[in-house]
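In case you want the letters, here they are:
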Amino acid sequence: MHKNTFFDCLAGLTSGFTPVVDAGFFMGDYVHIDLSVKNRELGGQELASPEKFNDYLSKYLQKSGKKVAYGGYHEKRGLYNRSNLFSAAEKEGLDRNIHLGIDIWAEENTPVLAVLSGKLHSFQDNSAFGDYGPTIILEHRTENYIFYTLYGHLSRQSLSSLEIGQDFEQGEKIAELGGASENGNYVPHLHFQVIKDLEGKRGDYPGVASEIGIRFYLKNCPDPNLLLKIH
Ligand SMILES: [Zn+2]
């Protein structure tokens with residue numbers, strides 16, 4: 001018996017590199033970026049404001065000779081300290097700072113693509129400071145599973161003509177990346193997350209978890225790179 005058949009099922013749904021953003025990027029244009037508390041170059045200053053982080057990101061891409069930075073699944077981050085949306089308690093282990101999606105750092109207005117065929121489950125503008133901003137959730141069905149993909153930090157315009165239940169084909173454009181004024185005040189990027197059980201939520205689902213909840217969330221939100229296969 002397999003240890004986790006849902007993870008295996010996900011991995012089998014794409015056969016190679018499957019883009020979730022497209023501005024003509026190839027897999028060779030991607031470079032991994034570490035935004036965890038272990039990255040000594042990030043003293044807090046770099047992540048405190050979109051302007052400073054944008055400088056850091058530009059230099060990082062320039063140095064690597066790549067176009068798109070990605071990463072962040074199961075990454076413990078310091079950057080959420082800027083918003084009290086996430087730091088719910090002083091007690092150790094309760095801060096929500098472990099990231100459950102993959103972030104793809106690309107320019108504002110970059111097209112966002114459906115990673116798998118599916119239908120529109122829900123959408124919402126989660127407009128609090130530090131939140132997702134405009135967000136889309138697609139529903140996918142396989143023989144054995146129903147699960148969801150969440151696309152966050154989109155442009156407001158992306159939500160203007162959506163209909164619940166509408167079908168999207170794999171690779172079809174579903175949205176565009178939003179700018180800092182509409183995406184929760186971040187440097188433009190996509191937050192992409194796979195969710196098995198939405199727990200009744202619509203247009204929103206936690207993208208970060210605390211140490212205490214992490215065991216459940218890592219099972220419920222597998223590594224999105226099982227689908228994207230950026231290696
Ligand atoms: Zn994210």
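Sequence positions are assigned chain by chain, starting from 1 and proceeding in written order. Side-chain atom pairs in this predicted model are given and counted only at pLDDT of 80 or more, local residue features only at pLDDT of at least 70, and totals for whole chains, interfaces and linings cover all residues. Calculated side-chain values reflect all of the structure's heavy atoms, with hydrogen atoms and water omitted.

K.L.:
Explain the coordination of the zinc ion to me, please; I cannot follow it from the model alone.
P.N.:
Around a metal, the ideal angle is 109.5 degrees if four donors adopt a tetrahedral arrangement and 90 or 180 degrees if six donors adopt an octahedral arrangement. Atoms of type N, O and S within 2.8 Å of a metal are treated as its donors, and for Na, K and Ca the window is 3.2 Å; water is not considered, so some sites may appear to be missing partners. Only His 99 (NE2), Asp 103 (OD) and His 191 (ND1) from the protein reach the zinc ion as donors, at distances of 2.1 Å. On the accessibility criterion, His 191 (3% relative accessible area) is buried. Throughout this description, buried means an accessible area under 20% of the type-specific maximum (1.4 Å probe, protein chains only), exposed means over 50%, and partly exposed covers the range between.

K.L.:
Would you take a moment to explain the packing of aromatic side chains for this structure?
P.N.:
To describe a pair of aromatic rings, you give the distance between the ring centres and the angle between the ring planes. Pairing of aromatic side chains here covers Phe, Tyr and the six-membered ring of Trp, requires ring centres within 6.5 Å, and sorts the geometry by plane angle: under 30 degrees stacked, over 60 edge-to-face, intermediate tilted. On inspection of all chains with the given rule, the structure shows 10 aromatic pairs. Relative to Tyr 145, the ring of Phe 6 has its centre 5.0 Å away and its plane inclined at 55 degrees; by these criteria the two rings are tilted. Placement of Phe 6 in helix H1 (residues 5–11) and of Tyr 145 in the loop between strand E8 (133–141) and strand E9 (146–152) is noted, with a sequence separation of 139 residues between them. Take Tyr 145: its relative accessible area is 16%, and that puts it in the buried class. Aromatic pair Phe 6 and Phe 147: ring centres 5.5 Å apart, planes at 70 degrees, arrangement edge-to-face. With Phe 6 in helix H1 and Phe 147 in strand E9, the pair connects residues that are 141 residues apart, well separated along the chain. Overall, Phe 6 belongs to the buried group, its relative accessible area being 1%. Of the aromatic side chains, those joined through ring pairs into one cluster are Phe 53, Tyr 56, Tyr 60 and Trp 105. Above the face of the Phe 6 ring, Lys 196 is positioned so that its terminal group lies 5.3 Å from the ring centre. The way it works is that DSSP assigns letters per residue, a run of H or I at least four long becomes a helix, a run of E at least two long becomes a strand, and they are numbered from the N terminus. Charge-over-ring contacts are defined here by two conditions on Lys NZ or Arg CZ: a distance within 6 Å of the ring centre and an angle within 35 degrees of the ring normal.

K.L.:
Would you take a moment to explain the layout of surface pockets for this structure?
P.N.:
Summary: where empty space remains is shown by rolling a probe the size of a single water molecule over the atoms. A cavity here means a set of 1 Å grid points, computed over protein atoms only, where a 1.4 Å probe fits but cannot escape. A pocket is an open set with protein on both sides within 12 Å along at least 5 of 7 lines, and lining residues have an atom within 4 Å of a point. Grid points are joined across faces, edges and corners, and a volume is the space filled by probe spheres set on the points. Within this model, the second largest pocket holds a volume of roughly 210 Å³. What lines the second largest pocket is Phe 25, Asn 54, Leu 57, Ser 58, Leu 61, Lys 67, Trp 105, Ala 106, Glu 107, Glu 108, Val 187 and Pro 188. The leading source of residues in the lining of the second largest pocket is helix H3 (residues 50–64), at four residues. Considered class by class, the residues forming the lining of the second largest pocket number seven nonpolar, two polar and three charged. Polar here means any residue other than Ala, Val, Leu, Ile, Met, Phe, Trp, Tyr, Cys and Pro, which are nonpolar, and Asp, Glu, Lys and Arg, which are charged; Gly is therefore polar.

K.L.:
What am I meant to see in the state of the cysteines here?
P.N.:
Among covalent bonds in proteins, the disulfide is the one between the sulfur atoms of two cysteines. The disulfide criterion used throughout: a pair of cysteine sulfur atoms within 2.5 Å. Within the structure shown, the criterion is met by zero disulfides. Cysteine Cys 9 shares no disulfide, and the gap to the nearest cysteine sulfur, in Cys 221, comes to 16 Å. By relative accessible area, which is 19% here, Cys 9 ends up buried. Here Cys 221 falls in the buried class, since its relative accessible area comes to 0%.

Bear in mind that shape data such as this cannot, by itself, settle questions of function.
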